[in-house]
Every structure is written in C-alpha cells, then in structure tokens.
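Given next are the chains, with one letter for each unit.
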Protein chains: 2
Amino acid sequence: LTYKEIECVVNGDYSIKGRLEDKEVYLPFTFVQRYFEVYGSINSYDGYDRFELQHSYSQIHPPRDSYSPDGVFMSFEFYNVEDRGRVKCISGIEGVPVSVQWNRNGHFYPIQIAQYGLSHYSKQLMEPSPQRVVLEDGEGGDLNTWLLPDRRSQIAIKTDRTNEENNLIEFDTPDLLKNPGITISVEDHNLSTLSIDVKFINNGSVTVLLRTNEGNLFRIHYVLSNTTMTLEDRDLYYGIGSSKKGKWIHLTRKVLIDYDKGQILKLAKSKRGKVKLTPAKIVAVCFRGHGFVDNITLSSEAHMDHFFDAANYLVNYQDSRGGWPIQVTRKIIPGKLELKPGWYSAMGQGQAISLLVRAYSVTKDSKYLQSAAKALAIFEIPSSEGGVLQKFANTYDWYEEYPTTPGTFVLNGFIYSLIGLYDLKVVSSGQTAAHAAKLYNAGMQTLKNMLLMYDSGTGTFYDLKHISLGVAPNRARWDYHTVHINQLLLLSLIDEDPMFQTTAQRWMGYLKGKLSPHN
Amino acid sequence: LTYKEIECVVNGDYSIKGRLEDKEVYLPFTFVQRYFEVYGSINSYDGYDRFELQHSYSQIHPPRDSYSPDGVFMSFEFYNVEDRGRVKCISGIEGVPVSVQWNRNGHFYPIQIAQYGLSHYSKQLMEPSPQRVVLEDGEGGDLNTWLLPDRRSQIAIKTDRTNEENNLIEFDTPDLLKNPGITISVEDHNLSTLSIDVKFINNGSVTVLLRTNEGNLFRIHYVLSNTTMTLEDRDLYYGIGSSKKGKWIHLTRKVLIDYDKGQILKLAKSKRGKVKLTPAKIVAVCFRGHGFVDNITLSSEAHMDHFFDAANYLVNYQDSRGGWPIQVTRKIIPGKLELKPGWYSAMGQGQAISLLVRAYSVTKDSKYLQSAAKALAIFEIPSSEGGVLQKFANTYDWYEEYPTTPGTFVLNGFIYSLIGLYDLKVVSSGQTAAHAAKLYNAGMQTLKNMLLMYDSGTGTFYDLKHISLGVAPNRARWDYHTVHINQLLLLSLIDEDPMFQTTAQRWMGYLKGKLSPHN
Ligand SMILES: [Ca+2]
Ligand SMILES: [Ca+2]
C-alpha cells in the first residue's frame, strides 16, 4: 500500500497527522476515540487480529417477559454491590455495606443497602443452588477435627436448651487475641462464605485464618467491638458489636470480600497507586473466649442471609417519619446546591420498599410490610420541607433522589422510587395499597409527560439540572444510560403505554451510534 | 514502519477496512463522516495539501454590541431570501416572494415575505451605498438615446401635472408583444436591478432584453396580467396585475433573479436533474402601449424598494383578526398533526411586526404601526381556537410557529415572535406598548424556564415534539443551530439574564464538537 502522511486540521483549531492513500484520508483512532468518545481495541480470535470499534462500553441484558414484586429486581442479579470501590466494607455489626461515597469516614447509605439486599435476592432466584459444606453442627458425635491451643482449653457437645433435638458446641479458652483459639481446619475447597451461629458468654472472637497465594498467613478477627474495620499488618479486625455479648449471633461473611477490603485499606494507607490484590484461601476457623457455636458452614454463596441483613437493617433504622435519613452532606453544586446531613432520598425510600416487600413475600412477617407502608409518608413532604416531593414547572409531581431546591430531577432515582411504589401497591391491600397507588399513579403520569425530556437524541440526560438551573446538560454516561433502558423495559411490563418500549428501543440504538433524526 | 490493512468491526454489526501501523489504527474518513456526521475535504493553500475536518458546516457571524428595533435585524443582512429554491419567484404584482414550500402551486408565505423585507432592510444598513445609473428621467432635454420601432410610434417629454418641476416621458406604440417596443439601450455595466415609475393609459408592457453568455437573446416581459410567471421558449412573462391600468406603478425588479427563476422553471419542466444557470446581461429596456414613464434606473441594489414592497404587502393583506393567514396545508406528522389552510403563525406575526416597526421608524407613517399593533390579538387566541397561544405543561405561555394541538414548540419561531413583540414594545407607546410588553414578558418568562430543554448536550433540538408527542427528538441541523445561537446573542443584548450569553457560548462550542460534560 502506498500512502503518505497528511496534516489534518481539526475545526481550524489544531492539527493531527493522518494518512492519505489515493483519495481516502485515514484518521488515527487515538484521535477518533478522544474526539468522539468511542471505544476500540485490537482483539485476536478465529486466527487473526481485528480492530473492534464500540460506540459504548455498556450492554443490555436480555429483557424479561414479566415483572413481579416478589421476583428478580430489574437486572440486579448482575450487580455486585460489595465489590464496588465505594463500599468500604460490609459492616460486621449490621451485615450491610458501609459507603465511603461523599464521606471517607463511611456511612450507612440506604440506597446502597437496599441495592445490596435486592442484588442478593435476585441472585438467589437466578443462580444455581450454592455449594454448601457444614464443617461442624455438633450432630456428628465426636470432635476429633478440632485442635485445642492448650490443656486448659475445652470443647464439648451440649444439647440446645431451646431445641432438644439440636446439639451445640461449647468452647472455653482464653479470650486473648494472642491465643490461637480452638480451631477447625478447612480442607482445600474454594467455598469462601462463612456462616455461624455463635454466642459468647463473656468476651470472645472468631478468627478466620487465610493463606495467601504468596504463602503468607493472614487473619481476619471478628471481635465484639464497635469499630468497623482496622488493620494491623496481617491482622484485620471487624467489629461485630460490643452489645452482642450473651446473645446468639447469626454471622455470615463473604470472607474473601472482607479480606479484599482490608487489603484495599492497606494499599490506600501506603498510598500506592494501583490496587493489586493477592488471592487467598480459607485454611481454618478459630474461636476464643467462652461460648457456644453451631452450624459452622462454608458455602459458595449465602444470598438470603445478606438479603435479610439488609431488610432487618432497614426495619431497625427507619426513623419516626418513616424515612432512612442520609447522614452525609451531598454537594450537587458545591456552595450552591447542597443537602445537609439528614436528607431523605425518594430512591432510598423506593428501593427500601422494594426490598421490604420482598422480605414480606418470603417471610409473611408483617413488620416488613409495615415498614414499607411507613416509608410512604416522606413522598408527600415537599423537598423544601425536608421531604422528597418536587414539582416540575409547578405542575408535575416528582420524587427526588436528591431533594434540592430547585430540583435536579434525576431520572433513574425517580423511576426506582416508582418501582418501589408499584411493588407495595401490588403486594399490600387496603389503605396502604390505596396510598401507594395514589403516589404511583401521580408519578407515572409525571413520567409519561417528562420521560422524553431525558432523550438527548444521541443518549440520555442523567438529570434536568440544565433546565432547573440553566447549566450545561449532564449527559448520562453509558452505564447510567443502560440503567435507563433497563428501567424502561421493566416499566413496559407493568404499564401498557407503548412509549416505554418504543423509547427503550431507540435508546438501545444510541448504544450503537444510531442517532435520532435531524431536520 | 509496516502499514497494512486491518478489518474494523463496528459495534459487532459490520466491518470496514482500516489501516494498521505499529500500534495505531487508522479509520477511513468516508466511514467517520457518515458515522459521526462530520465534514471534511482536502484543501490546498500555502503551498501544500491538508485535510480539513469540520464538525459542522455552519459559522457564526461576529456578534453585535447592541440591538435596536430600527436597526439591522439579527444577522439578516446575510440572508438572500429571493435566491432560495423554495422561492418560486418575486411576484410582479406585489413585489414579494412567492413560496413553493408545502405547495408547488405557490402561495404568499408571510414569514418569507417578512424575512425578505427584513433582509433587504438590514442589507441597506450594512452594505456600502449601491451603484446607481439613471437611464432616463426626462430632465436631460433630448430623447436621442431612444429607438422607435416604427413611424407611428412616438415618444415625448411632458411636464408632470402633479409636480411641475418634474418631467415625464410619454410613449405611444402598439401594445402587441410582437412589437419590439420603444427601446432604450443599456451600456456594458453590471447593474441588474431595474426601477421605473410607469403608468399605462390602456394596455401595455415593459420588456427587459437580456443577452446570455452563450450569445442568445432572452426577453422578460412585465405585463398587465395576474399570471405570476410563465415561460415560452426565450420569452418569460411576469404579471404585474391587470388592475394597474391607468395607475402609476413603481416597479423594482432584480432582473437577473427574475431571469434565474424563469430558467429554473424551464429546467424543472424539462425534468433535468441539476440546475445550471446561464449567466446573462441586461442590454435594453422596451415599453409598449400608451403611457408615461419616469426615473428609469439601473442599480446594483434597491433594498428599500423591496423592503417597502414587503411592508406594504403586510399592511394590505392583514385580515380582520390582525393576522396573516397561511393558505396551505402544513403537515407536521402527515395524517396526525396537520394545519389546514388559514392557520396563523406566531413567527409570521412576529416577523411581520419587526418589519412593520422598521417601516414606521423610517416613514413615521402610522399605518405601519397600527398594523403591527393589530397583529397582537392573534397571540392571545389559543392554538386550539385558531390562534397561536400554546401552553407547555399547562403552565408556560408559548407562541407557536406551527399552532398544532398538541404543540410542537419550535424554538426559533418562538424567539422570532418575541423579538417582534420587543420591537413593538420599544417603538410604540400607550396601550399598544403595554399590550406588547405583557405578551413579551410572559414569553420571555417562558423562554427562561424552557430554553435549556433545547440543549441536547451536543447541539440543539429544533422543537419539543419528542416531549409533546413522545416521538424521537428532532435534532436541529447545523444551520438551525446557528439560528438559535444568533437569536440568543440578540436576546443577550436586550435582556440582562446571563443565561443567554452563557448558553450561546456553549452552543458555539457544539459547532466545534465540544460536548457538554457527562456524569
Ligand atoms: Ca447443631
Ligand atoms: Ca423626471
């Protein structure tokens, strides 16, 4: 091929180097990528290299053909909330994520907690049954597999006083952390979720012993303290609550997530750039202090435990107004548009409702449905008075993810709030159903009037700050654009207006660079 | 460096052929152009070839530093309405354009007529004084330069009965079109606008004789008929009105525009594809019948004549409701959203007002101001009742260019209507000023609330059909995008809200591919 370099002047402003071959000009992809915000890489398969150009980095999961308030939530079975960088760790006390979004100290962010629960609920429905190995439940007759650290330490099988058909293991050994503890080994399986039922009579702790791929030992200690997570060299501590003494605790931990979060903490402290995690395996579980333990289980997943940790957190921490206040400052436009700690989010309320409705569907325990019903009150309090109700053009009722004044009108948060209202409307009855339906119908009417305001002709807008504040439009990055599409596909299953399906199809086209027409 | 072909797979859907050199992939511009809707060409200057990539094909004229209702209208000095393809010709009867937009038979489209007048008014203010040669005004004392076709034909200088200081030319020759007429030659200058004052006692006509660059003669006959334009071989006929007999006519023609429109008609009839016009020059002007003529003038331009033709048309054809009804069907969405003949346009009303206000400013003739004031009533009649007033979200007053129900909310038409209201508000007083101000203030309030709805983050929307009808957004092509920018720059001169300047600056960035941020 004969070719030569040609200067390419871009908008009269600057030059790049292209290639000229006959009458065709070729532009370097490094320019195209930056200028047009597209993606590409050389990939090798079927025996040769080709260049693959992608308009977006996101993909849509195949749509479902029905939606149910006790079923999978949207496509949340693909979410891995605990893996996210803005999850500091899973709290040992509450079993729910601690967010470092907007505040490095960490806080309980109801949206993240609800999404954590909904993702595990959805995974439970979609994934094959998890693998599960019971290391010890006291029913085997002997305790040969246990190692005692010294002669004073004791271990014994005891009958459960509350259920005579069940046996417990009583352990008794000094509670000092330098004591290796009463230990059970783990054989070479790859199950990394540990569940136990444990009660400490006085002080005590559980330690999981890991061996890293580099051959080092690493210890994760679950201790009766209120400190979320601390790291000392190769000892990582998770508080499971100082008030748990003398009470049965059902503790379920994704041990390798706990380990990774500790490693990230260590790397963050040492201020190294890139986080590279060293893989590890569980080799033993150890107990200290005096107490009882049962059902020591390793499994590939324990989704429903995580789900109920989230649901119970929401029941326990709902405030008297029915809300889950968010205790960090949210700066939409720093110094101009800020939410002070204690704000509510319509998305938080809605996603919590979706979770609580599912917890009720599984358990039929009315506390979950009552909590969901209580969550409705916040939807009727205007943003300017500490609630989440905003008006667009003084006309349309909008439930705000970030209830600033003026409003920001974040689309995905609003739709999540509508899905929550739908879930509750369908599952409840009487006054609660009527209340949820009233809020849902008003919101759906708004959505039908406003949905197309988010269509940019090339993608979608994340919010309507440009309209309410006169600033530049906030284009949704592709992963939010796909959230919008997934939401419309869900709405098309619960509302017969063809706009949801039609719009979703066009928005899918935008992922491949199919623009809306121009005049 | 090795340079070779590489298959480039686009969104997993199809392949194009790129080039690979070291680690850089090069994409062919023919693909980039089509896929990303950009423009480019190889241009040679400063001694070498370079490739010039342009994000858009439009450019912004340097903004002005003030706006006045008796000054230049926006950047209309760059408009050439009569050149446009959708102008069939300039009517000989009314001196205003005949539109073939939406109806090939032609109709008087008030927006086009107002823009025609405003562009000539603006050109008059911005261009250097036109060149001007008086061929004959009867004041020279002899008529040697005239040719008579036969012995019966006569020509003489006569005193003007209405002004004894002025002389007229009386001509008398058969009115048959085969008569070459009493003729005055035109020397080799390039002035192509002909103005005359003429009165035919009975029947008569004026013919302009042209010689084309191919050496052929071509005749344009201005005849006392009501037929707009007909072509017979090399004879082109423009009706100047059968009712003009016995009346003084001030006729001003851009002769080469008349000639071009005739040629286009001929080419359109022969159904050839590409229109290629043969240049021509005026060689003589001929008169037939019995009548008087004065001030036979050739000039490079006669902007104010065209301006007053438009202004007088609007005064004469305003209806009893104060509107200029549009007599064609306008199909926004065929079969679904159509305007039947007789609709009004807020843009038509507004642009007419801007024109009439300028005619009043020049002449102080109250008929122009009265006509402008009468035009306000239509702004208060809802679209659904035949007016132009639409509401967005049942809240904001909008003046519709195309007053459909539901509304379309065309931005540029709305802003033109506001500029008209502004012009009248400033120039008038008393009730008219108060009425215009009330409509203007409501409209500006709406605009400030809605302007950013048109910001797509990569360009602008032409209208809000996507919101009102749920269809795909109608992206404004670049020339409408630049109209939007020019309008905002004008508004920034008459309203202190910084949003107009800020938004205009961002929209200018879109012309160069500077997108709004994404989250
Ligand atoms: Ca047991
Ligand atoms: Ca004279």
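Look above for the structure.
Residues numbered from 1 in each chain as written. Chains lettered and ligands numbered in written order. Predicted model: local features only at pLDDT ≥ 70, side-chain atom pairs only at ≥ 80, totals over all residues. Heavy atoms only, no water.

### Quick word on the interface of chain A and chain B
In many analyses, interface size is given as the accessible surface area lost on bringing the parts together. With 72 residues of chain A in contact, the opposing surface of chain B contributes 73 residues. Remark: the boundary between chain A and chain B carries four salt bridges. We note a salt bridge from E21(A) to R19(B), for which the minimum N-O separation is 2.7 Å. Counting across the interface, chain A meets chain B through 48 residue pairs in polar contact (both at pLDDT 80 or more). Within the residue set of the side of chain A that touches chain B, elements represented by two or more residues are β1 (4–10), β2 (14–21), β3 (24–28), α1 (29–36), β5 (48–54), α9 (465–469) and α11 (499–510) of chain A. By residue number, the principal contributor to the side of chain A that touches chain B is β5(A), which donates seven residues. Strand direction decides the pairing type here: β3(A) and strand β3 (residues 24–28) of chain B, joined by three bridges, are antiparallel. (Contact = heavy atoms within 4.5 Å. Salt bridge = Lys/Arg side-chain N within 4 Å of Asp/Glu carboxyl O. Polar contact = N/O pair within 3.5 Å; in protein donor to acceptor, adjacent residues only side chain to side chain. Helix = DSSP H or I, 4+ residues; strand = E, 2+ residues; numbered from the N terminus. Pairing = 2+ DSSP bridges.)

### What about the nonpolar core?
Of all hydrophobic cores here, the largest spans 191 residues; its most connected members are F392(A), L447(A), M453(A), F392(B), L447(B) and M453(B). Beyond its immediate sequence surroundings of up to four residues, F392(B) is in contact with F392(A), M453(A), F409(B), M450(B), M453(B), L464(B) and I467(B). If you look at the next biggest cluster of nonpolar residues, it comprises 40 residues, including I182(B), V186(B), L231(B) and V285(B). (Core = buried A, V, L, I, M, F, W, Y, C linked by side-chain atoms within 4.5 Å. Buried < 20%, exposed > 50% of the residue type's maximum accessible area, 1.4 Å probe, protein only.)

### So, the coordination of the calcium ion (ligand 2)
All names here are of chain B. Protein ligation of the calcium ion (ligand 2) involves D137 (O), E139 (OE), N166 (OD1), N167 (O), D294 (OD) and D294 (OD), the donor distances falling in the range 2.3 to 2.6 Å. Expressed as a motif, the donor residue spacing for the calcium ion (ligand 2) is D-x1-E-x26-N-N-x126-D. Here N166 and N167 have matching classes, each one buried. (Donors = N, O, S within 2.8 Å, 3.2 Å for Na, K, Ca; no water.)

### Regarding the pattern of salt bridges
Inspection of every chain in the model, using the stated rule, returns 40 salt bridges over all chains. Between R50(A) and D46(A) there is a salt bridge, and its shortest N-O distance comes to 3.9 Å. Look at the salt bridges and you will find they share partners, linking E5(A), R19(A) and E21(B) into a network.

### Things to note about the packing of helix α7 (residues 411–427) of chain A against helix α8 (residues 430–450) of chain A
Residues and elements named next belong to chain A. Two numbers describe how α7 lies on α8: the axes approach to 8 Å, and their chain directions differ by 150 degrees. Note on packing geometry: the crossing formed by α7 with α8 is left-handed. The residues of α8 that touch α7, namely those facing L411, F414, I415, L418, L421, Y422, L424 and K425, are T432, A433, A436, A437, L439, Y440, G443, M444, T446 and L447. For the contact of α7 with α8, the residue count by class is 14 nonpolar, three polar and one charged. (Axes fitted to C-alpha atoms, helices over the stretch in contact; angles between N-to-C directions. Left-handed = near helix turned anticlockwise from the far one by under 90°. Nonpolar A, V, L, I, M, F, W, Y, C, P; charged D, E, K, R; others polar.)

### Overview of the side chain of R19(A)
Mapped onto the secondary structure, R19(A) falls in strand β2. By relative accessible area, R19(A) is classed as buried at 8%. Among the polar contacts listed, one links the side chain of R19(A) to the side chain of Y26(B), at a separation of 3.0 Å. With residues up to four places along the chain from it excluded, the contact list for R19(A) reads Y3(A), K4(A), E5(A), I6(A), E24(A), V25(A), Y26(A), Y3(B), E21(B) and Y26(B).

### Focus: the coordination of the calcium ion (ligand 1)
All names here are of chain A. For the calcium ion (ligand 1), the full set of protein donor atoms is D137 (O), E139 (OE), N166 (OD1), N167 (O), D294 (OD) and D294 (OD), and the range of their distances to it is 2.3 to 2.6 Å. Because the angles between the six donor atoms bound to the calcium ion (ligand 1) fall within 51 to 153 degrees, the donor set is best described as irregular. One chain supplies every donor for the calcium ion (ligand 1), spaced along it as D-x1-E-x26-N-N-x126-D. Residue D137 is found in the loop between β8 (132–136) and β9 (146–147), and its partner D294 is found in strand β18 (residues 280–299); the two are separated by 157 residues along the sequence. The class of D294 is buried, set by a relative accessible area of 4%. (Tetrahedral: all angles 85-135°; square planar, octahedral: opposite > 155°, others 65-115°.)

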